[in-house]
Amino acid sequence: MNMLKQILKDRLAGVSLFIVAITIAAGAFAPWLAPHDPNHIHMELRYAGPSWDFPLGNDHLGRDVLSRLIFGIRPSVLYVFAALLASVCMGAIVGFIAGYFRGRTDAVLMRVVDAMLSFPGYVLTLALIGMLGVGLENILIAFVLSKWAWFARIIRTSVMQIAETDYIKYSKTIGVGHLSIMARHIVPVSLPDIAVIASSAFGSMVLQISGFSFLGLGIQAPHAEWGMMLNEARTVMFSKPELMLAPGLTIILVVSAINFLSDALQGALDPKLMSSKAKFQARTAVSAARLQGKEVA
Amino acid sequence: MGWYMAKRGLYAIPMMIVISFLTFILIHLSPMDPAEVVLEAQGVPQITPELIAQTKAELGMDRPFLIRYANWLIDCLQLDFGHSYVSGEPVWTLLGPAFLNTLQLTFASVIAVIALSVGLGVICALREGRLLDRSVRGVSFFLTSMPSYLLASLMIWYFAVKLDLLPTSGMASSASYVLPVVVIAVNYAGIYFRMIRSSMISQLHEDYVLYGRASGLSETTITMHMIRNSLQIAISVFCMAVPIILGSTVVVENVFAWPGLGSLSMHAILSRDFPVIQAYVLVMAVAFVLFNTVSDMVNAAMNPKLRGDL
Amino acid sequence: MRKSWFTLIAGCMVLAVMLGGCSGTQAGSKEATNEAAHETPQESPQELVYAAAKDLIDMNPHVYAGSNSAQGMVYESLVEHTEEGIKPLLAESWEISGDGKSYTFHLRKDVNFHDGEPFNAEAVKLNIDAVQRNAKKHAWIKLSTKLTDVLVIDTHTVELVLSEPYYPTLNELSFTRPYVFVSPRNFIDGETKDGLNGYSGTGPYKLVEHKVDQQAVFEANEAYWGGSPAIKKITGKVLPAGETTFLALQKGEVNFVFTDDRGTDSIDVDAMTNLTDAGDYQIVRSKPMNTKMIVANSSQTNSPVHERAVRQAIWQAIDRETISKQIFSGTEPAAYTLFSSNVKYADVDLPQRGYDPEAARKLLEEAGWKLANGQEVRTKNGSKLTMKLYYDANSSSQKTQAEFIQHELKEIGMRLELVGEESTSVAKRRSAGDYELLFNQTWGLAYDPQSTIAAFTSESSYLHTTKGIARADELYDKIADVTVSMDETTRKSLYADILNIVHEEAVFIPLTNGGVTIVAPQSLQGIGFKQTQYELPFEKMNFNP
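Within every chain, residues take consecutive numbers counted from 1 along the sequence as written. By the order in which they are written, chains take letters starting at A while ligands take numbers starting at 1. With pLDDT at 70 or above as the cut-off, local features in this predicted model cover only qualifying residues; side-chain atom pairs require 80 or more to be listed or tallied, and sums for whole chains, interfaces and linings still use all residues. Side-chain figures throughout are based on the complete set of non-hydrogen atoms in the structure, without hydrogens or water.

(A) Layout of empty space enclosed by the protein. Cavity and pocket criteria rest on a 1 Å grid covering protein atoms alone: a 1.4 Å probe that fits but cannot get out defines a cavity, protein on both sides within 12 Å along at least 5 of 7 lines defines an open pocket, and an atom within 4 Å of a point defines a lining residue. Grid points are joined across faces, edges and corners, and a volume is the space filled by probe spheres set on the points. Using the criterion set out here, one finds 15 cavities of 30 Å³ or more in the structure. Forming the boundary of the second largest cavity are 19 residues, of which V86, L264 and H267 of chain B together with I57 and D213 of chain C lie nearest the centre. By residue number, the principal contributor to the lining of the second largest cavity is helix α12 (residues 261-270) of chain B, which donates three residues. In this count, Pro and Cys sit with the nonpolar residues alongside Ala, Val, Leu, Ile, Met, Phe, Trp and Tyr, while Asp, Glu, Lys and Arg are called charged and the others, Gly among them, polar. Looking at the lining of the second largest cavity residue by residue, the class counts come to seven nonpolar, six polar and six charged. Numbering of helices and strands runs from the N terminus, with a helix taken as a DSSP run of H or I at least four residues long and a strand as a DSSP run of E at least two residues long.

See the structure below:
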């Protein structure tokens, strides 16, 4: 709560939070919010401009752009968010176990993590799409597979630091069970850390999935997705440029908000981040891992 | 020092074996029987179950898994990745040149990333909190949030068509590099620029700067010192950025029709050319590990404190 | 706090500039092209640079992976298919024996391959024999199953011996592949099936450079027996279809675009009109040459597509007039039969089957596909009425049609899943029978109807399409009869029967009649077409001086 308050102190971060929240809500309630069926075709309205009925105009099949934009939130943002949560959970479990128990468990788990991290995210995604076929699900699976290891490594580092603290050592000596130490002391302390790294990956994941859909490797017709909408608009980029405007602006706005929020979160958590050179160096290892998640679409 | 290097270098070997193993398994994920893939690649019109069994025997696919893996690995080490399912050519003749093209694009982009992020990082750190700093950060922030394909399309339209300065696509001349490199650089510089700026700012509060100022050194001399220090950061950024950018040129390559691995893999996927996909994954992962190893070594050489646990 | 606000504002400004640039495009591009129009007279183009959606892949004309149009520039056949019928090409004249089993060709004497080797009877024999040794690949071309011997009579006379009379022999010899001629010096171990070590043909152009996935350069063959072509250099550039090609055209990096051999138009119809409005380019459309269609795989016994009623329902659920009017802006007329009636032997009375969703629903109901309450997809015995439709991912018009058809089929309770792949992959699916529905087109005037129909029985073409229909055996018997029949009236009635069967079974669901579209510089003259959609007569084109 403290953190939330701190974030809200920054007005821009507040705006960002608002945008992200609205987007997620709009995606969740898309069937009630969207004025039309996003897949309903009106050929006679092909490329029609904005009107009262269709405020953002119609696309190459006369479908309502606004409705498609709203339904597009689901694959473009919500499903990505779900994939992110799944990979954070996987990463957190592995990270907690490795960081807490250390020793051989740690060594084995970290070798697995290293192996997963040796495939660049894009390559792993392309490999899975290549073998399993084009489709949104396969990209999401690839996201989970490629990101969990990265989360595991960072969470492990963070857990290791906490596990070294005196009160954990004390709890261990007085015989508190591993699970309750984890649940009571480690998870709450490391949660903010996890939130920061997860949010910093979110924006680039949204960009990536739209990139794959843009290339035609992602979502399949007729479902709406922002990258796909841009792809469809691209064929008429010069005769009907306004069609690129809505999905383009939406992506930029939402990704900016996510990134800004992530920054604010980090600022709230660690105001004096990287305040000295020593700290920078200590952090390089982590940031190197962190940057791996920053593949931009 | 030498010990660390040796250890780090040796560590790459088991990593590569794991990678090759995972890549080998990959082909089994495909909905097609590998024998069927081979037969299709040979253009056999009618694939019967008997023919599949026969091919399996011929190719040794009925032998134990590990032996098949070993045979495959030996072939790969000789750059024999089989034949493309589409053109029938050896995979390496397709992959090799494309890999070089992607490498060229990657290096050019990384250099641009460094130039942009170090340059802006230093300037912004010196002007911390002022108009210039704030506008550069604002702009970089929004460019980072922009999908690269959108940026690319806009740049092609503006610079290649409207101003008629640069070619729209392909890699016919050195001018062809400009647009893809700028798109990649703009996307990544935003990230690295912030890193460098923070480290410069922290340096500004370092003792040697304060001491230098106190003892009356000119600002230029101090700045030179700082730039020298930040060169170190630039090198480590460079090392980290090469493998990351190498693996993520897919979108840009496709928009600019760059004849590299990104375009190749995309065509391979859309034509279900499994041997090419497999080889692509292997080559990229191996390159990724190699560059990461080199990157760690360079970082460690410059920054002994980092030589902690592996 | 103020810092953050500033950041926001700065960011928004950049955004506004970038996107403002974008939305100003329409006006901007007009301006740009107008400027370009003023410039063109000074640097009027002298060579052609065409955009290709993919690499030419393989120049070996004895197999099928490569680009037809590129091979058509480099290699030649014995005879040529023209509007007026079969005409001499590498053969000056020929005689057909009375029993129709022997063809004697008198070759031109002034022809050399690009590498200097003479073109003679020996070369013809070597080439045709090499093709015949790879017979499996050529099953679609029935001549390959009937050709028994190639005899060298003298240096410039060669005789082809057939096992039985086959009336389309000359037709099939005119195709771009496989019966075209490569310098025997390019053979590897006397064979062509595993590749060539060079690509010397006899044609008006020779391949001088090929950079995979970048470009291929062709130069005029100065020693061409038909006279050196006027356009000295033709470059094929690999560009992604769509707006990249459009931009490259606008900028002059490429100056020629045409419908490629798989029927992919690189540029959207509206964008093309935009280009010609600016005055630099002309659009030339051929007469309708083929029928674009959806091919249904009747042999997929565990799929709904196996049922005739389902196929007929699909046929009746598609509103072709809207496709023609909206998606193709009227450039391609709607098609209701597999071959348009101007195709030889195809002017047959077939039962009318047009757009009638109500009838389609009724067909499905009668066939047992019921729509449960509240459901969108019909079911029968627990299985859903769901099928996959494969389209060429490079063709935006196919994607748009696919989405439109998907929507129309949804209205009658059928679900279509769309899968976009490279055209080579779609072609592979067709020959492997690994599909339910896919986009395809008939092969064009030189091939329709005899070769296209003969291909109904060929594994690599439409065997899977036709195999599962009720009257398959009858169909195959008639196809076997028609090509050997020497009598015109029997031939006619056999073709009528064949067309009736496939129409009744609705395995080829016609959409529109397509042709070849060319976007070329205004100053290019002599733009024409061949009788096939697969190649263009570049050697006849020239620039306005």
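That covers the picture; the talk isn't over yet.
(B) Expanded view of a nonpolar patch on the surface. All names here are of chain B. The residues that make up patches have over 30% relative accessible area and no salt bridge, and they are joined within 9 Å when like-charged or within 5 Å when they are Val, Leu, Ile, Met, Phe, Trp or Tyr. Method for areas: the Shrake-Rupley scheme with a 1.4 Å probe, in which residue coverage is limited to the protein chains shown. What makes a salt bridge here is a side-chain nitrogen of Lys or Arg within 4 Å of a carboxyl oxygen of Asp or Glu, nothing more. A contiguous nonpolar patch, built from V18, L22, I25, F65 and L66 and spanning about 380 Å² of accessible area, is present on the exposed surface. For the nonpolar patch, the secondary-structure elements that each account for two or more residues are α1 (2-26) and α4 (65-77). Tallying contributions element by element places α1 first for the nonpolar patch, with three residues. One can find L22 in helix α1. Remark: exposure states derive from per-residue accessible area (1.4 Å probe, protein chains only) relative to the maximum for the residue type, with buried under 20%, exposed over 50%, and partly exposed in between. Judged by its relative accessible area of 31%, L22 falls in the partly exposed class.

(C) Region of the structure containing the packing of aromatic side chains. Each aromatic pair joins two rings of Phe, Tyr and Trp (for Trp, the six-membered one) with centres within 6.5 Å, and gets the label stacked for planes under 30 degrees apart, edge-to-face for over 60, and tilted for any other angle. The full count for this structure, using the stated rule, is 37 aromatic pairs over all chains. Note on F21 of chain B and Y69 of chain B: the rings are 5.0 Å apart at their centroids and 85 degrees apart in plane angle, and the pair reads as edge-to-face. Of the two residues, F21 of chain B sits in helix α1 while Y69 of chain B sits in helix α4, which places them 48 residues apart along the sequence. Its relative accessible area of 28% is what places F21 of chain B among the partly exposed residues. Ring pairing ties together the aromatic residues F175, W443, Y447, F456, Y462, F508 and Y534 of chain C, which thus form one cluster. By definition here, charges over rings are those cases where NZ of Lys or CZ of Arg is within 6 Å of the ring centre and within 35 degrees of the ring normal. Over the face of the ring belonging to Y100 of chain A we find K172 of chain A, whose NZ or CZ atom lies 4.7 Å from the ring centre. Of note, R430 of chain C hangs over the ring of Y462 of chain C, and the distance from its end group to the ring centre comes to 4.9 Å.

(D) Examining the interface of chain A and chain B more closely. Opposite the 52 residues of chain A that make contact, chain B presents 61 residues. Two parts placed together each lose some accessible area under a 1.4 Å probe, and adding up what both lose gives the buried area. Interface of chain A and chain B: buried area, both sides summed, is about 5000 Å²; carbon and sulfur atoms make up 75% of it. Between chain A and chain B we count one salt bridge in total. Residues adjacent in sequence count toward polar contacts only when both atoms are side-chain atoms; beyond that, a polar contact is any pair of N or O atoms within 3.5 Å, and within protein one must be able to donate a hydrogen and the other to accept it. Our count for the chain A to chain B interface comes out at six residue pairs in polar contact (both at pLDDT 80 or more). Across the side of chain A that touches chain B, the residue classes break down as 31 nonpolar, 13 polar and eight charged. Residue contacts follow a heavy-atom distance rule, with two residues in contact if any of their heavy atoms lie within 4.5 Å.

(E) Geometry of the sheet that holds strand β1 (residues 48-52) of chain C. Residue and element names in this part refer to chain C. Strands are labelled as partners when DSSP assigns at least two bridges between them. Across the sheet, four strands lie side by side as β1-β10-β9-β8; this open sheet has mixed pairing. Here the strands that pair on one side only, and so sit at the sheet edges, are β1 and β8 (205-211). This sheet shows a mean twist of 20 degrees between the axes of neighbouring strands, independent of strand direction. Judged from the five bridges that link them, β1 and strand β10 (residues 233-238) form a sheet pairing that is parallel. For helices, the axis comes from a line fit to the C-alpha atoms of the stretch in contact; other axes are also lines fit to C-alpha atoms, and the angle between any two N-to-C directions lies between 0 and 180 degrees.

Without other data, these values stay purely geometric and don't point to any function.
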